[in-house]
Amino acid sequence: MKKDFYEILGISKGADAAEIKKAYRKSALKYHPDKNPGDKEAEENFKLAAEAYEVLSDPNKKAKYDQYGHQAFDGSGGFGGGHGGMNMDDIFSQFGDIFGGGFGGFGGGGGGPRRAKGSNLRIKVKLTLEEIANGVEKKVKVKRKVQAKGATYKTCTTCNGQGQVMRVTNTILGRMQSASTCPTCGGSGQILDKKPSEADAQGMVVEDETVSIKIPAGVVDGMQLKVSNKGNDAPGNSIPGDLIVAIEELEHEFLKREGENVHFDLYISFPEAVLGVSKDIEAINGKVRIKLEEGIQSGKILRLKGKGIPSINGYGSGDLLVHVNVWTPKTLNKEQKQFFENALTDEHFVPNPEKSEKSFFEKVKDMFS
Ligand SMILES: [Zn+2]
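Residues numbered from 1 in each chain as written. Predicted model: local features only at pLDDT ≥ 70, side-chain atom pairs only at ≥ 80, totals over all residues. Heavy atoms only, no water.

Let us look at the pattern of salt bridges. Within this structure, the stated rule accounts for 19 salt bridges. A salt bridge links Lys13 to Asp4, with the shortest nitrogen-to-oxygen separation between them at 3.8 Å. With relative accessibility at 21%, the residue Asp4 sits in the partly exposed group. Asp242 is paired through a salt bridge with Lys117; the nearest N and O atoms lie 2.8 Å apart. One end of the pair, Asp242, is in the loop between strand E8 (224–227) and strand E9 (243–249); the other, Lys117, is in the loop between helix H5 (88–99) and strand E1 (121–127), and 125 residues separate them in sequence. Assessed through its relative accessible area of 5%, Asp242 is described here as buried. (Salt bridge = Lys/Arg side-chain N within 4 Å of Asp/Glu carboxyl O. Buried < 20%, exposed > 50% of the residue type's maximum accessible area, 1.4 Å probe, protein only. Helix = DSSP H or I, 4+ residues; strand = E, 2+ residues; numbered from the N terminus.)

So, in structure tokens, the structure goes:
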């Protein structure tokens, strides 16, 4: 018995398009193969979620499914039997809709006869916070399948170059006509005519290629960028797949990123807090000098506008937030101890927050509003 598509995505039958999309996005991120290397169960869940989304995101398919359940698709070659209907490349080609555009049209090819497309390649790129803040061009080596020199192709006679064959099946709903990938040519519409000796059965060889990837400022860990046509080539008159680049953010030695803002923990001594001090802060693009006025309180947050990470959409930059921590000495010599013992009864040392000084909770509220 096949699991219900709504159950797979963890939503109710009344879910609208936005909820369906959101639920799938969540599942896809959770079960993404890059996040769960070698985990067969995660891969299964990843495929199931993709299949559920494929149906529920299409109003026609959704209506059929709502009325007839999984039977609506039995025998159509699409969703019958197991869930062999979608391969990983199909799934990744859905991602444009799900993870937002901005990187030049994932998926969605428009109408017209479809040329066969090679499979996608995937790589991971590790970036420092500096590279993320400034944008960077990375050169990566990929092994691409390309057509061998001298390989020639001819039109597939099984499908007459269409790449698809029509199939009529009898179901409980009556005769249903459906298209499926041509078994002879695998969907390319063409078969190998002349095969060079070093090529595989489809006339392909694997070649190393250096690909340059322009990474815009402001990317986020886990984000996927697409470099069009830098995936594997397919046989015959086809277009290459894409190179999918997953972003991984390396941890910074001093700075902690939170969206577009970055945080820095500054420690100052008790005398520095009392007398005031200038300090060099490790910002993203080098040091920034800040002046702390005398009598600064521990817990104060200084905001350096625009010294954070640029917005990926190009709307300005986040801030650098400097958290002031006053370091309390753990040991004292005799004179120092004497000094502080005297200070205990000195009214200068009695806490007396001014009304204008906000409490910790109010400051936190301010920061996130
Ligand atoms: Zn064919």
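We now examine the sheet that holds E9. Taken in spatial order, the three strands of this open sheet run E1-E9-E8, and their pairing is mixed. Edge strands, defined here as strands with exactly one partner in the open sheet, are E1 and E8. Put simply, the sheet's adjacent strands are angled 30° from each other on average, direction ignored. Across four bridges, the pairing between E8 and E9 is antiparallel. Looking at the pairing, Lys226 lines up with Ile244 of E9. (Pairing = 2+ DSSP bridges. Axes fitted to C-alpha atoms, helices over the stretch in contact; angles between N-to-C directions.)

The four strands are arranged E10-E11-E15-E14 in an open sheet whose pairing can be described as mixed. Both outer strands of the open sheet, strand E10 (256–258) and strand E14 (301–304), are each paired with one neighbouring strand and no more. Neighbour-to-neighbour, the strand axes of the sheet open up by a mean angle of 30°, direction not taken into account.

Surrounding the zinc ion are the protein donor atoms Cys156 (SG), Cys159 (SG), Cys182 (SG) and Cys185 (SG), which sit 2.3 Å from the metal. What the four donor atoms of the zinc ion show is an angle range of 101 to 115° at the metal, which sorts the shape as tetrahedral. One chain supplies every donor to the zinc ion, and in sequence these donors are spaced C-x2-C-x22-C-x2-C. Here the residue Cys159 occupies a position in the loop between strand E3 (152–155) and strand E4 (164–171), and Cys185 occupies one in the loop between strand E5 (174–181) and strand E6 (190–194), the gap between them amounting to 26 residues. Take Cys159: its relative accessible area is 5%, and that puts it in the buried class. (Donors = N, O, S within 2.8 Å, 3.2 Å for Na, K, Ca; no water. Tetrahedral: all angles 85-135°; square planar, octahedral: opposite > 155°, others 65-115°.)

On inspection of all chains with the given rule, the structure shows seven aromatic pairs. Ring centres of Tyr267 and Trp327 lie 6.3 Å apart, and the angle between their planes is 75°; on these two criteria the pair is classed as edge-to-face. Highlighted residues: Tyr267 in strand E11 (residues 261–269) and Trp327 in strand E15 (residues 320–327), separated in sequence by 60 residues. Residue Trp327 is classed as partly exposed on the basis of its relative accessible area, which comes to 46%. Ring centres 6.4 Å apart and planes at 85° place the aromatic pair Phe339 and Phe349 in the edge-to-face group. One end of the pair, Phe339, is in helix H8 (residues 334–343); the other, Phe349, is in the loop between H8 and helix H9 (360–368), and ten residues separate them in sequence. Residue classification places Phe349 among the partly exposed residues on the basis of a relative accessible area of 39%. Three or more aromatic residues link up through ring pairs in this structure, and these residues are Phe270, Phe339, Phe340 and Phe349. (Phe/Tyr/Trp six-rings, centres within 6.5 Å; stacked < 30°, edge-to-face > 60°.)

Two strands pair when backbone bridges link them, and E11 and E15 are joined in this way by eight bridges, in the parallel orientation. From the neighbouring strand, Phe264 faces E15, where its bridge partner is Val322. Where E14 lies against E15, four bridges are found, and the strand directions are antiparallel. Bridging from a neighbouring strand, Arg303 pairs with Leu321 of E15.

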